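Tertiary structure, described
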Amino acid sequence: MNAHAPAADGAASVARTAQPLIELRGISKTYGKTQVLFDIDLTIERGQHVVLFGPSGSGKSTVLRSINLLAEPDAGSLRVDGVEFGPGLPGETGKHGGRLELRRRVGMVFQQFNLFPHLSALDNVALPLRKVQRMSRQKAREKAAVTLRRVGLIDRAANYPAELSGGQQQRVAIARALALDPEVMLFDEPTSALDPELVGEVLKTMREVAETGMTMVVVTHELGFAKEIGDLNVFMEEGRIVESGPRGFYDNCTSDRAREFLRAVM
Ligand SMILES: Nc1ncnc2c1ncn2[C@@H]1O[C@H](COP(=O)(O)OP(=O)(O)OP(=O)(O)O)[C@@H](O)[C@H]1O
Ligand SMILES: [Mg+2]
């Protein structure tokens, strides 16, 4: 890939290419007196599609939110492209990244779409471009239009969220995150709030995003979709990663708890 074309310094270039996009090491998180994450290690390569699954309260959202520091880990290391953003010490880069930089690089889509009700679909997508990327109003609206077209909603650009179906609202929310050109997209149960007949269109949009090579971390109970996109599949329980595995994991996992959960829920 061009971004990783060999540099003059061959060794440095090899090291850079081998660098995972995201590394969580020993991440722990406590709310009040309750520890909700225990020593989470997770390595995510560029272009990888990671599925997180497990029972309610197992810490899936908290892991996801640790990746953009919406939940600040108490201990451990969060590195993106080798730069430390969490409580850990700066690595080889000697640099500690700031939260704003991190949020620019990590897009997130929530179960509840979180659109601004008083803004049109176009302006919901354009607003962060103006605020975060400091684009002019004109440029932001142009890029928002291109991105809405990408999720198949250009004909709904002028509609307000209340005038859109849940599936359409979620696709606007995906467009809003995509428009910022993130390096990774986090999805926290993006179809769980939708009527069943609307799930397919959102999964289709996510599939299309995956096909562009976007790095994705997805919390989902949609087993078919998880099987389809999961390059790395992670089963969590009680704040810990119990078991993880590559493609084929859902038919091959070995822990009783993961198998039981899959049988019961997914
Ligand atoms: N802001 C918070 N304050 C206090 N406790 C929290 C907070 N967020 C999460 N928790 C607790 O942390 C634990 C893990 O929650 P988390 O939301 O990460 O689980 P989850 O696996 O995403 O669950 P679900 O499938 O229900 O979304 C739960 O016990 C939850 O009650
Ligand atoms: Mg959750």
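Our subject is the structure that appears above.
Below is a summary of the structure that appears in this document. (Residues numbered from 1 in each chain as written. Chains lettered and ligands numbered in written order. Predicted model: local features only at pLDDT ≥ 70, side-chain atom pairs only at ≥ 80, totals over all residues. Heavy atoms only, no water.)

1. Description of the environment of Val132
- Along the chain, Val132 turns up in the loop between α4 (121-131) and α5 (137-150).
- Given a relative accessible area of 32%, Val132 falls into the partly exposed group.
- Along the primary structure Val132 and Arg207 are separated by 75 residues, whereas in three dimensions their C-alpha atoms are 26 Å apart.
- Excluding residues that lie within four positions of it along the chain, Val132 makes contacts with Arg104 and Leu180. (Helix = DSSP H or I, 4+ residues; strand = E, 2+ residues; numbered from the N terminus. Buried < 20%, exposed > 50% of the residue type's maximum accessible area, 1.4 Å probe, protein only. Contact = heavy atoms within 4.5 Å.)

2. Some words on the packing of α4 against helix α6 (residues 166-178)
- Closest axis-to-axis distance for the α4/α6 pair is 8 Å, and the angle between their directions is 25 degrees. Considered as vectors, α4 and α6 are oriented roughly parallel to each other. As α4 packs across α6, the resulting crossing turns out to be right-handed. Contacts from Ala121, Asn124, Val125 and Pro128 of α4 reach α6 at Val172, Ala175 and Arg176.
- Here the residues of the contact of α4 with α6 sort into five nonpolar, one polar and one charged. (Axes fitted to C-alpha atoms, helices over the stretch in contact; angles between N-to-C directions. Parallel < 35°, antiparallel > 145°, perpendicular 65-115°, else oblique. Left-handed = near helix turned anticlockwise from the far one by under 90°. Nonpolar A, V, L, I, M, F, W, Y, C, P; charged D, E, K, R; others polar.)

3. Some words on the site of ligand 1
- With respect to spatial proximity, the complete set of residues near ligand 1 consists of Tyr31, Val36, Pro55, Ser56, Gly57, Ser58, Gly59, Lys60, Ser61, Thr62 and Glu189.
- Within the side chain of Ser61, a nitrogen or oxygen atom sits 2.8 Å from an oxygen atom of ligand 1.
- Contact with the protein chains removes 57% of the 640 Å² of surface that ligand 1 exposes when unbound.
- In terms of residue count, helix α2 (residues 60-67) provides more of the shell around ligand 1 than any other element does, three residues in total.
- For the shell around ligand 1, the residue count by class is three nonpolar, six polar and two charged. (Near = heavy atom within 4 Å. Polar contact = N/O pair within 3.5 Å; in protein donor to acceptor, adjacent residues only side chain to side chain. Areas by Shrake-Rupley, 256 points an atom, 1.4 Å probe, with all protein chains shown as cover.)

4. Here we look at α4
- Among all positions in α4, only Ala121, Leu122, Asn124, Val125, Ala126, Pro128 and Leu129 are buried.
- Among the structural elements, α5 and α6 are those in contact with the buried residues of α4.

5. Examining the packing of aromatic side chains
- Scanning the model with the defined rule gives six aromatic pairs in all.
- Taken together, a centroid distance of 6.1 Å and an interplanar angle of 70 degrees make the contact between Phe53 and Phe249 edge-to-face. Pair noted here: Phe53 is in strand β3 (residues 49-53) and Phe249 is in helix α9 (residues 249-252), with a separation of 196 residues, a long-range link. Of the two residues, Phe53 and Phe249, both sit in the buried class.
- Between Phe53 and Tyr250, the aromatic rings sit 5.2 Å apart at their centres with planes inclined by 45 degrees, giving tilted as the arrangement. Of this pair, Phe53 sits in strand β3 while Tyr250 sits in helix α9; the two residues are 197 residues apart in sequence, bridging distant segments of the chain. Of the two residues, Phe53 and Tyr250, both sit in the buried class.
- Of note, Arg240 hangs over the ring of Phe38, and the distance from its end group to the ring centre comes to 4.0 Å. (Phe/Tyr/Trp six-rings, centres within 6.5 Å; stacked < 30°, edge-to-face > 60°. Lys NZ or Arg CZ within 6 Å of the ring centre and 35° of its normal.)

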